[in-house]
Structure formats: C-alpha cells, structure tokens
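Descriptive structure summary
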Amino acid sequence: MLSEKVMKRGRISKFDRPLLSEPVTVRVVFEKRGNLQFFSHLDLQRTWQKVLVRASIPMWYTKGFNPHSKIVFGIPLPVGSESVCEMVDLRIDRLIRTDEIKDQLNAELTDEMQVKEVYVPTTKYSDVAFAEYEIMLGTQAAESAEGALELTDRINDMFGHGAEPIIMTKRSKSGDKEIDILTLVRSVSASVADKGVIKIRAVIAAGSSENLNPEYIISALRQKLGILPEGAPFDREWYTVLRLGYFKADGSVFK
Amino acid sequence: MNSNQKRMLLTSVSKPGRYAGGEYGQIIKDKDDVKARFAFCFPDSYEIGMSNLGIRILYHCLNLHPDIWCERVYAPWVDMQDKMRELDIPLSALESGDALGEFDFVGFSLQYEMCYTTVLNMLDLAKLPLLSKDRDEDCPLVIGGGPCVYNPEPVADFFDLFNIGEGEEMLPEIVRLYIKMKDEGTYTRSAFLHEAARTIPGVYVPSLFDVNYNADGTIAAYTPVYDDIPTRVVKRIVTDLDKAPFPDKVVMPYIETVQDRITVETARGCIRGCRFCQAGIVYRPVREKSADVIDCQARNIFESSGYEELSLSSLSISDYTDIDNLTDKLLSWTDRNMVSLNLPSLRADSFTKELMDKVASVRSSSLTFAPEAGTQRMRDVINKNLYEDDLMRAVNVAFSAGKNQVKLYFMQGLPTETDEDLRGIPELAHRVVSAYYQNPNRNKAKPPQVTISVSPFIPKPFTPFQWERQDTMEEMRRKQEFVGECNTDRKVRYTHHDPEVCHIEGVLARGDRRLGAALLEACHRGFKFDAWTEFFDYSKWMALFADTGIDPAFYANREWGLDEVLPWDVIDCGVSKEFLKRERARAYESTTTPNCREKCSGCGANKLGGKRSCCPKK
C-alpha cells in the first residue's frame, strides 16, 4: 500500500532505502523569501519537522522515550529579513543522494522556500563570523539624483574609515548594553539603485559569539540621517533586508 | 499594497505570520479565470481559525470547482486592527490580499455565540455595511453557517443567507446558483436570495420572514413573505460520509496553531442524547464513516502534510462501531512513521485497557472524563447514562497503568438540581482519590491529582432543556462557592468557569432578532473578541443591554412556555419538538432514555436519511 502511494508521488519511500552503518549529517541551503520573512526562527523549526516527514527524508530518530529527529539550524534570521542562504543540518540514517534530498524537499516546499544546495558539511556553524546583507532603502530623500548621491555619500561616511562611533543600546539576554556598533561592522557601502531607492551592502558580525541584527544599521541611519522617520507612510519610506551569505573570521566564504 | 508596504506594515505588528499568507497548501487561482470569489471568514484569530476542520473541508469543497476561488480570512489582532484603521487599509483575504469588498461572497463560520461581536467587527474592518438591508448590488453577499445557525436570529439582520446544516453540498450549490444567474443575466440580490430560498434545501434567508411579537414580548409568528418558499427550513445533511468530499491536502500554517495536527472525523451525530447537549441533537441522524475511508483520508493528509499527530474526531469516539478495526488499521502505519494517535471525547463506560494501550493521548499522565453531574439522580435527569461503577472501573484502568492525574468535567445549574447534587461533585472526586490509594498497582511514587472543572449550565436551542431557565448570576456564584466549600480533599483541585460569560452566552443562545440592535450598537462601541477573557467586559454588556432596551433575564433566566413560538422554530433540525418535550418530561421523572443503538426513541431525525446510521428507515 505504501509503495503504491509513493509511486504516485514520484519518489522512493524512506523505508525502501538501505540503512547506513552510521547516521550522516547533511547541510541543506535554502531560500526564505517573500511572505516567509514574517515567520520566526521557531516557526521555521516547526515547519521543517513536517517538511522532512512529507518529503520522506530518511531522518535518524533519537532512541529515547520520545523519539525525535535531529535538525540543527544555522544563524537565526530576524523576522522581516529575507535570505538566499539559510542552512539546516539534518541527520539521516538511510542511503539517499544529495540531489534526491534536494528534489524531494523542493517538491514539498513553496516557491518562497526552495532548496538551493545539499552537501556534506566540512564546517561548523560556530565558524561563522560575519554575514552579508543587502538592504534596499526607499526614501523621499533620494527622490532627486542629487539627493540620492548625497545620501549614499553620507551613509558611506558614517561607516567609513575614521567615522565617529555609533553608540546604540543593544538588547541582549543579559540586559541592555550601550555599544559602538561600528565595532561589529566589517563594511557598509551604499549606492544608488533606482529613483528614490538606495542599495546598501553590509557585512556585519554574525554567529554565536558576536552578532549584530541588520535592524541596527537601519536604526543608525534613522538616528543620524533622519530618514525612515517613525510613522512615515509605508509607500514613501520603506526598506527591505536580504541575507546573502556568510564569512569566517579570516574573511573566507563560509559554506 | 505592494510587497514593500506589506513588509513595513507586517513588521510593525506582533506575530506578523498571522497576516502573511503564503502557506504551503494554500490554493491560488487566477482571478480572471474564476466566476465567483468566496472569502471564508473565521471570526477569531488565525491560530484558532486555522485549526478548524469544517473550514478545511469547505475550503476544499469550494475550490474543487475551477470557476470558484475560496480564500481564507481571520480576525486581525487588535494591534493590527489599529494599524489598519490608522492607515485606512480594509480587511483582506490571505491568498490574494484583496479586500473583502471585491468578493462575491463573504462567508462566516459561526462556531460560538461569543464570536458575534467579532463578526461585526470584521465586516466593519472590511468597510462593508453591517446590516443586510444597507448592502447594495455591488456588495458581497454575506452568508453564515456553523453550529450557531441553529438559532441565527440574534445575527439575522446582518446576514443575507444562512446555511442550515452541513455545507459540503449546500455551499457549492449556493455559489453555482449565483454563477448561473449571473451568466443568464437574471441576477439581482433579491432575485438570487428568493431563488436560493426556494430551490436549495437548507438555505434560510432571514429577510424573507416577517416576525411578529405578542404584548408580553414572546413571538407571535414567523411569516414567509413569499408563498413559494418553505415555511420551515429543514437542516441539510450529507447522507453518505464516505462519499463526502474531504481534503487530501491542507493549508499548513507556519506559526503554531491551537490544533496543529491531522484531524479526521469518524462520525457525525451522537447516539447518546444527553439532554443538555445541543450537538447531540442537531447533528442527528448518527452517520459513520467506514474504517477504510477514515484510514485512507488520514494517510493522505499525513503524506501531504507531514503532521506527526493524528486525532480522530467525533462527539463520542468510543461509540464508533468499528473502533478496534480502525485503530488497528491506523497503527499499522502510524507507529513506524512516528505518528501518535489521539482519541479525544472518550466515554468512561467504554474506556478499556486495550484502547488505552493503543493511543498516545492516554500515554500522558492525565486522563479526562465528563460525568457531568455528581449524583446518579442528576446523571439520570440529564440522560448521561453513566454509572459510578463505570467511572471507577475507568480510573482504575488508568491508575493501574501508572497514571495519577484525572480531570473530571461537571455542570452546575441543571434542571431539578439540589445542593445534594452539587455536594456530590467533590464527593465523587474524593472517591476517585480513594480509589487511587486502594489500587494495588498504582504508581506509589506519585500522589493522585484529581481536577474537577464545573461549568454553569446554559440552555441551548434544540435540546430537551431548551425551555429551562438559566441560573441567575447570584445563583451561579453561590453554587460555585458551595462546591468549593464542600471540597475538603486536598488532592482534589477545583476550577470553574466565569459565570459572567455564561450569562451573556445564555442570552445570545436563545436570543431573537431584537438582539440585533444591541449587537449593532456593540460594534459601534468597539466590542470584539468577546470569547477572550482579556476583552470580555460584563459591565459593558450590561450597559449595552440597558441602553438598547434588552432585558437579558427575558432570554436567560425565564422559564419558557412549552407552547411558546421559539425564535428557532423557523428551523427544522430533523428532531421533532414532540421528542424534545417527551425527553423533558422524562428528565423530570429522572428516567433515562436508551441510546440510539439500544432502542430507537423516535426523535424524527431518520426522516433526513443517512448511510451507516443506526436509525430505522423511515
């Protein structure tokens, strides 16, 4: 009965795959775009538990009283940010090719959360030191060509060499702390993208030891440049955030 | 609203996932390819609405038609409502993001009386006129269905049409008639409503009935305005549950919802006929789905959803005739797929060790039963047909298996109740505690914990107790305290319901059309989410009734006359009034009535037909 069903869905049942002698960890890289930006890290974890079941991925289950699969997500993405580089490590216990994992998952995911790559990882999430974000900023201040150029210059100066410290209150579990966010910024560069739209590339601290939410970059711009004022109409003053990738402490690309 | 604006709006409110849409399994159609658009509204939060099985089924039924597009709408939380009003954004559907005003139909699922204010709140957010008579040809048709429509009169002024009964067939028929009349060019609002009332069984158009009242405030008569429409609307049922459409794929919420699992019905209706229970009457005749179909449906949803929890749903799961075969079938694939099986609504008299070993819901340390009353006399009055021995046997099965927590549900304020009956509640709980200590196989490391939860009785339409008076606030409070005082066992934990909500629910449950004026004013005063304790304000309700000339006691605390015209007499749920009167008389004699399988009591519901039912053929 199961095999019949499975044939209809065009894939092999996980139970028909040979067991591995040892469970293996694979890394899945996926996008989180569009409407998916509004779901939290916790929502994502719950969702993947079900995605893996319906995709018939041969997950290894813990052997205890309450068996559960082992999945470990990478650096949490703040709500309101999109990403092309979310990561989840899966522990599987049966033979399956990485391209099969990708295809089976993509058949069970919406267009806004497609798997881009599946591979056996050689790194640990703790190797991540920085993440790169693309921030698109729509503001009336950039409506004119001169205004847009002036704004990009001011943003580049704010984060460039010899810039003034940007002191902000950073919230953490251990309480609020005043910090200079420049110490958590590797680079920020702005350019004109379109009429009224500025594009910012930001490489900022990410990971378990030091982490900067890209929202702090926006808050800094709001504070220093007076753009995106609170209560401004959403069609005139807006921004989007997209995570592009990660770097290790030595500046090499994290994969 | 473009995607950038949507991002800015959604990141400014709590839990933006409620409003994002984009879930796996949602149905997207091209609006240029469809002839009718249906906005299915649930008058509560996303988390509650997304858990509703009825909406999952009807969303599927409507979307099976290529020229109908059904979308989902939930009540935005208050912070979002403030933003929407501030920015002048009307309420919209999740799939397309289009405002409700652009739809052909706006349908509401009326699950509980306390949601009425949220219904009006949502119409208001959608910028639609609240009153049916104020909506013109360009406005969507506002229709309603669900358990509350067995007495829809309090909200009759706001709805163009109600679906009385089960919607799998009726709802698409209504939309098809609309499409047909539009295609033929014969559609006007009034022509459509008349035609629907005339030709589609189960359709109730409140504006097509005039209501007259007597000098004492009771109803004189319901008169249809056309002579070619039925004078009473007969409830619609799906005859064969095996053939009723059931989704093979569901919309998967990303955020956590109240019941995030596979739910499959095993049967509709209940053989028991407890005299306070509306569901036990209005869903008659009892019809079962066959085990093979249930198994197949559960498995399809498992494979398309990945849910690792399966819940079988019915009014009394252990009354399912083929339960052993069904659970065996299910366990053949659930166990190895790590899917846990839940059986809610277990009756104590059919709770066995065999059943317990099979299901995960009872693998937890807690078990719940509903004796409903503390003494045998009272249980006979309400026709619970449960004996203390049954309960003791059930709890001993649980205790022997190492469980130490039992939760027991009761009611207070039932007809003929005395303080002795109330005292019986904690006394029964005490005997359950004693049974724990006397059970040699109990888990000796853990103390027993018995929780008694006592709710005030609310008389509901279409029950043998529909004529009864509800306790006043003072009586409800006194009884709650009395039960607390009688509870001297420290192993028994006592909880009770808020009598204030029960009082308002009692008014709305048996309300008539005159309550419409109060609900309209409630909307103007900003009432919403009254099912939530943080928003419910009893003093505001009392002020509302006083200001709109409504006497709540007329509806809740009066003993209604057996010959009185009832607001819900315009509806025929299949069960006859004579049966309800007979049952009421038997209640006063403390005489029980056998369940439908033991002996047919002639309730009348068999006239509606039904496959795999235990009724004698008409």
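The rules we used
Residues numbered from 1 in each chain as written. Chains lettered and ligands numbered in written order. Predicted model: local features only at pLDDT ≥ 70, side-chain atom pairs only at ≥ 80, totals over all residues. Heavy atoms only, no water. Domains from an automatic or database assignment. Contact = heavy atoms within 4.5 Å. Buried area = accessible area lost by both parts, 1.4 Å probe. Salt bridge = Lys/Arg side-chain N within 4 Å of Asp/Glu carboxyl O. Polar contact = N/O pair within 3.5 Å; in protein donor to acceptor, adjacent residues only side chain to side chain. Core = buried A, V, L, I, M, F, W, Y, C linked by side-chain atoms within 4.5 Å. Buried < 20%, exposed > 50% of the residue type's maximum accessible area, 1.4 Å probe, protein only. Axes fitted to C-alpha atoms, helices over the stretch in contact; angles between N-to-C directions. Helix = DSSP H or I, 4+ residues; strand = E, 2+ residues; numbered from the N terminus. Parallel < 35°, antiparallel > 145°, perpendicular 65-115°, else oblique. Left-handed = near helix turned anticlockwise from the far one by under 90°. Nonpolar A, V, L, I, M, F, W, Y, C, P; charged D, E, K, R; others polar. Pairing = 2+ DSSP bridges. Expected span 1.5 Å × (residues − 1).

A few words on the domain arrangement of chain B. All names here are of chain B. According to the domain assignment, chain B consists of domain 1 (3-164 + 167-234) and domain 2 (237-363 + 567-618). If you average the C-alpha positions of domain 1 and of domain 2, the two centres end up 27 Å apart. On the side of domain 2, 35 residues touch domain 1, which itself brings 37 residues to the contact. Summing the contributions of domain 1 and of domain 2, the shared interface buries around 3100 Å²; its carbon and sulfur component is 65%. Put simply, domain 1 and domain 2 have one salt bridge between them. For R268, the salt bridge is made with E168, and the minimal N-O distance between the two is 2.6 Å. Counting the contacts that link domain 1 with domain 2 gives 12 residue pairs in polar contact (both at pLDDT 80 or more).

With that settled, the discussion passes to the domain arrangement of chain A. Residues and elements named next belong to chain A. Here chain A is partitioned into domain 1 (2-122) and domain 2 (127-248). The C-alpha centroid of domain 2 is placed 32 Å from the C-alpha centroid of domain 1. Across the contact, 13 residues belong to domain 1 and 12 residues belong to domain 2. Here domain 1 and domain 2 share an interface that buries about 1000 Å² over both sides, 59% of which is from carbon and sulfur atoms. At the surface where domain 1 touches domain 2, the tally comes to one salt bridge.

A few words now on the nonpolar core. In terms of nonpolar packing, the biggest core is built from 263 residues, with W48(A), L105(A), I155(A), F159(A), L110(B) and F192(B) touching the most fellow members. Not counting residues up to four positions away in its chain, the partners in contact with I155(A) are L137(A), V188(A), A190(A), I198(A), I200(A), L221(A) and L225(A). The next biggest cluster of nonpolar side chains, apart from the first, holds 11 residues, and it includes A373(B), M378(B), M411(B) and F457(B).

Another aspect to go through is the packing of helix α4 (residues 53-63) of chain B against helix α7 (residues 167-184) of chain B. All names here are of chain B. At a minimum axis distance of 9 Å, the contact between α4 and α7 shows a crossing angle of 40°. Taken together, the axes of α4 and α7 are oblique relative to one another. Judged by the twist between their axes, the crossing of α4 over α7 is right-handed. Judged by residue contacts, I57, L58, C61 and L62 of α4 engage G167, E168, L171, P172 and V175 from α7. The residue makeup of the contact of α4 with α7, split by class, is seven nonpolar, one polar and one charged.

Here we come to the interface of chain A and chain B. Facing 35 residues of chain A, the contacting portion of chain B comprises 34 residues. Here chain A meets chain B over a buried area of about 3300 Å², counting both sides, of which 62% is carbon and sulfur. Viewed at the interface, chain B and chain A are joined by three salt bridges. Of the charged contacts, one joins K50(A) and D260(B) as a salt bridge, the two residues approaching to 3.2 Å between their closest N and O atoms. Linking chain A with chain B are nine residue pairs in polar contact (both at pLDDT 80 or more). Breaking the side of chain A that touches chain B down by element, the ones donating at least two residues are α1 (2-8), α2 (41-54) and β10 (238-248) of chain A. Among the elements that take part in the side of chain A that touches chain B, α2(A) stands out by supplying six residues, more than any other. Grouping the constituent residues of the side of chain A that touches chain B by class yields 17 nonpolar, six polar and 12 charged.

Residue and element names in this part refer to chain B. Strand order across the open sheet formed by four strands is β15-β16-β17-β18, with parallel pairing between neighbours. This sheet does not close on itself; its edge strands, each paired only once, are β15 (366-372) and β18 (492-496). Adjacent strand axes in the sheet meet at a mean angle of 20° when their direction is disregarded. The strands touched by helix α16 (residues 473-486) are β16 (405-412), β17 (449-456) and β18; relative to β18, the strand with the most contacts, the crossing angle is about 175°.

This brings us to α16(B). All names here are of chain B. Here α16 is 14 residues long and its end C-alpha atoms lie 20 Å apart, about the 20 Å a rise of 1.5 Å per residue gives. Here α16 has its buried residues at M473, M476, K479, Q480, F482, V483 and C486. In this structure, the buried residues of α16 make contact with β16, α15 (419-438), β17, β18, α17 (499-509) and α19 (538-547).

Any two side chains of opposite charge can pair if their charged atoms end up close together. Here the structure, examined in full by the defined rule, presents 71 salt bridges over all chains. In this structure, E256(B) engages R46(A) in a salt bridge whose closest nitrogen and oxygen atoms are separated by 3.3 Å. Note that E256(B) is positioned in the loop between β9 (233-234) and β10 (262-265) and R46(A) in helix α2, a pairing that runs across two chains. Overall, R46(A) belongs to the partly exposed group, its relative accessible area being 21%. Residue E583(B) is joined to R275(B) by a salt bridge in which the shortest nitrogen-to-oxygen separation is 2.8 Å. With a gap of 308 residues between them, E583(B) in helix α21 (residues 577-588) and R275(B) in the loop between β11 (267-268) and α9 (279-282) connect regions that are remote in the sequence. In this pair, the class of E583(B) matches that of R275(B), namely buried. Here the salt bridges share partners, and the residues they tie into one network are E166(B), E168(B), E265(B), R268(B) and R287(B).

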